[in-house]
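# Coordinate inspection notes
Below, each chain spelled out in residue letters.
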Amino acid sequence: MTDETLHKKFEEAVAYVNSYEEPLPADFLLKLYAYFKIANRNFGNPGSKTPLINAFKANALIQAQNIGREEAMQSYIELANTLKKKS
């Protein structure tokens, strides 16, 4: 898959997840969060007003810290595809 194709598929997956209306399990959302942050090289403050949520988000990032940007994009796409299969 070319870099351009990967980016396009990633953007499509993000749009799909953002439009998804059913509730998602917290562990699934945390994986998406970590992959998204790594893919966008955005490691800033998680931004939640709840310290516990910030801790979970930080933990998700730590667990995924050894993957590269492209792998994070691909993993995000694969998770989004699991949602599509459920629909």
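Here we summarise the structure given alongside this text.

Scoring rules and cut-offs
- Residues numbered from 1 in each chain as written.
- Predicted model: local features only at pLDDT ≥ 70, side-chain atom pairs only at ≥ 80, totals over all residues.
- Heavy atoms only, no water.
- Helix = DSSP H or I, 4+ residues; strand = E, 2+ residues; numbered from the N terminus.
- Buried < 20%, exposed > 50% of the residue type's maximum accessible area, 1.4 Å probe, protein only.
- Lys, Arg positive; Asp, Glu negative; His and termini not counted.
- Charge placed at Lys NZ, Arg CZ, Asp CG, Glu CD.
- Expected span 1.5 Å × (residues − 1).
- Contact = heavy atoms within 4.5 Å.
- Polar contact = N/O pair within 3.5 Å; in protein donor to acceptor, adjacent residues only side chain to side chain.
- Core = buried A, V, L, I, M, F, W, Y, C linked by side-chain atoms within 4.5 Å.
- Phe/Tyr/Trp six-rings, centres within 6.5 Å; stacked < 30°, edge-to-face > 60°.

## Remarks on the overall build of the protein
What the protein contains, in helices and strands, is 4 helices and 0 strands. Taken across its 87 residues, the protein has 33% of its residues classed as buried. Computed over 11 positive and 10 negative side-chain charges, the separation of the two mean positions in the protein equals 4 Å.

## Some words on the environment of Gln63
Relative to the assigned elements, Gln63 resides in helix α3 (residues 51-63). Expressed as a C-alpha distance, the spacing of Gln63 and Lys31, which sit 32 residues apart in the sequence, is 9.2 Å.

## Thoughts on helix α4 (residues 69-86)
Structural remark: α-helix, 3.6 residues per turn; residues separated by three or four positions point the same way. With 18 residues, α4 extends 26 Å between its outermost C-alpha atoms, agreeing within 8% with the 26 Å of an ideal straight helix rising 1.5 Å per residue. All of the buried residues in α4 are Ala72, Met73, Ser75, Tyr76, Ile77, Leu79, Ala80 and Leu83.

## Let's talk about α3
With 13 residues, α3 extends 18 Å from end C-alpha to end C-alpha; this agrees with the ideal 18 Å at 1.5 Å per step. On its buried face, α3 sits against α2 (26-39).

## So, the side chain of Ser48
Tracing the backbone shows Ser48 in the loop between α2 and α3. Among the polar contacts listed, one links the side chain of Ser48 to the backbone nitrogen of Thr50, at a separation of 3.1 Å. What Ser48 contacts, discounting residues up to four positions off in sequence, is Ile53, Asn54 and Lys57.

## Quick look at the nonpolar core
Phe10, Val17, Phe28, Leu32, Tyr35, Tyr76 and Leu83 are the most contacted members of the largest nonpolar core, which has 24 residues in total. At the level of elements, α1 (3-19), α2, α3 and α4 are the ones that each hand at least two residues to this core. In contact with Tyr76, other than residues within four places in its own chain, are Phe10, Ala13, Val14, Val17, Leu32, Tyr35 and Phe36.

## A look at the packing of aromatic side chains
In this structure the tally under the stated criterion is 4 aromatic pairs. Plain terms: the ring middles of Tyr16 and Tyr20 are 5.9 Å apart, the flat faces sit at 55 degrees to each other, and that makes the pair tilted. Looking at Tyr16, the relative accessible area reads 22%, which means it is partly exposed. For the pair Phe36 and Tyr76, a centre-to-centre distance of 6.4 Å together with 50 degrees between the ring planes defines the contact as tilted. Of this pair, Phe36 sits in helix α2 while Tyr76 sits in helix α4; the two residues are 40 residues apart in sequence, bridging distant segments of the chain. Residue classification places Phe36 among the partly exposed residues on the basis of a relative accessible area of 32%. Its relative accessible area of 4% is what places Tyr76 among the buried residues.

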